[in-house]
Amino acid sequence: MQQKTLVSWLKAIVILFAVLLAVLLFAVVPTIGWQAAARTARAAFLFWPCLIFIWVLGAPVYLMLIEAWKVCCRIDSGQPFCAENARSFIAIGQYSLLDCGLLFFGNVALAIVSAVKDLDVYRAGFPIFSLLLIFIGLAVSVAAATLSHLIYKASDINEENQLTI
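Below you will find a few notes about this structure.

Basis of the calculations
- Residues numbered from 1 in each chain as written.
- Predicted model: local features only at pLDDT ≥ 70, side-chain atom pairs only at ≥ 80, totals over all residues.
- Heavy atoms only, no water.
- Helix = DSSP H or I, 4+ residues; strand = E, 2+ residues; numbered from the N terminus.
- Rg over C-alpha atoms; globule rule 2.2 N^0.38 Å.
- Buried < 20%, exposed > 50% of the residue type's maximum accessible area, 1.4 Å probe, protein only.
- Contact = heavy atoms within 4.5 Å.
- Phe/Tyr/Trp six-rings, centres within 6.5 Å; stacked < 30°, edge-to-face > 60°.
- Lys NZ or Arg CZ within 6 Å of the ring centre and 35° of its normal.
- Expected span 1.5 Å × (residues − 1).
- Polar contact = N/O pair within 3.5 Å; in protein donor to acceptor, adjacent residues only side chain to side chain.
- Core = buried A, V, L, I, M, F, W, Y, C linked by side-chain atoms within 4.5 Å.
- Axes fitted to C-alpha atoms, helices over the stretch in contact; angles between N-to-C directions.
- Parallel < 35°, antiparallel > 145°, perpendicular 65-115°, else oblique.
- Left-handed = near helix turned anticlockwise from the far one by under 90°.
- Nonpolar A, V, L, I, M, F, W, Y, C, P; charged D, E, K, R; others polar.

### A look at the overall build of the chain
Helix and strand content of the chain: four helices and zero strands. Of the regular secondary structure in the chain, the N- to C-terminal order runs α-α-α-α. Radius of gyration (C-alpha) of the chain: 20 Å, far over the 15 Å computed for a compact globule of 165 residues. Principal axes of the C-alpha set define a box for the chain whose edges measure 70 × 25 × 20 Å. A total of 165 residues make up the chain; the buried ones form 31% of that total. Taking contacts inside the chain between residues at least 6 apart in sequence as the whole, the part at least 24 apart equals 74%.

The structure is reproduced here in structure tokens:
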């Protein structure tokens, strides 16, 4: 696959992911939240805090997508192995870790509120799904750190080769 085609596909994936995430955050999740609040009147007070928290969880994902877009633009301009790309992957890993931490502490807070108010909102499927998301986030963080290291090494080799010519 040629570089231009590859970059076009990568940019399309970033755009598609951003659009799907926006639909999820601003259409699907609020709808599910309204339905849950209607079913459980005692827990309806959790709708807005949980919705805002989920929107906050989406912010680092969008920051990761911005960094991915920057990497795509640098690849498109013929600089796939540069220090800026390595820094972008470090930022992606850090945003992913931030999201994992936020999700973990959000789960703890919801479990505490659920226990204190004697609510049945923290069912077994929710923490299992959250742990799966945390695991995926940690995997993204490790992969981004690994790519950052490899790109930084390739950048050093590239700079050495340019100096010897």
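### Notes on the packing of aromatic side chains
Any two aromatic rings considered together are summarised by their centre-to-centre distance and by the angle between their planes. Summed over all chains, the structure comprises five aromatic pairs. Taking the centre distance of 5.4 Å and the plane angle of 35° together, the rings of Phe26 and Trp55 count as tilted. Here Trp55 lies in helix α2 (residues 47-76) and Phe26 lies in helix α1 (residues 3-39), a separation of 29 residues in the sequence. Above the plane of the ring of Phe45 lies Lys117, whose end atom (NZ or CZ) is 5.7 Å from the centre.

### Description of helix α4 (residues 125-164)
An α-helical turn contains 3.6 residues, so a residue and the one three or four places further along point in the same direction. Between the first and last C-alpha of α4 there are 59 Å, a value that for 40 residues agrees with the 58 Å anticipated at 1.5 Å per step. Those residues of α4 that sit buried are Pro127, Ser130, Ile134, Gly137, Ser141, Ala144, Ser148, Ile151 and Ser155. Residues of α4 that are buried sit in contact with α3 (83-116).

### Here we look at the environment of Ser114
Following the sequence through the fold, Ser114 ends up in helix α3. Overall, the relative accessible area of 7% leaves Ser114 in the buried class. For Ser114 and Trp48, which are 66 residues apart along the polypeptide, the C-alpha to C-alpha distance reads 15 Å. When near neighbours in sequence (up to four residues on either side) are disregarded, Ser114 contacts Leu119, Asp120, Val121 and Tyr122. Polar side-chain contacts of Ser114 include one of 2.7 Å to the backbone oxygen of Leu119.

### Some words on the nonpolar core
The tendency in soluble globular proteins is for nonpolar side chains to be buried side by side. One finds Phe89 and Ile92 to be the most contacted residues of the largest nonpolar core, which totals 13 residues. Those elements giving two or more residues to this core turn out to be α1, α2, α3 and α4. Excluding anything up to four places from it in sequence, Phe89 contacts Val71, Ala144, Leu147, Ser148 and Ile151.

### Comments concerning unusual backbone geometry
With the exception of glycine, most residues fall at negative phi, and the peptide bonds are largely trans. Backbone geometry places Asp118, a non-glycine residue, at a positive phi of 55°. Checked against the element boundaries, Asp118 lands in the loop between α3 and α4.

### Some thoughts on the packing of α3 against α4
A pair of packed helices is characterised by two quantities: the angle between their axes and the separation of those axes. At a closest axis distance of 8 Å, the pairing of α3 and α4 adopts a crossing angle of 165°. With respect to α4, the axis of α3 lies roughly antiparallel. Judged by the twist between their axes, the crossing of α3 over α4 is left-handed. Along the lines of polarity and charge, the residues of the contact of α3 with α4 split into 20 nonpolar, nine polar and no charged.

### Some points on the packing of α2 against α3
Where α2 contacts α3, the axes come no closer than 9 Å and their chain directions differ by 170°. Taken together, the axes of α2 and α3 are roughly antiparallel relative to one another. By residue class, the composition of the contact of α2 with α3 is 19 nonpolar, four polar and five charged.

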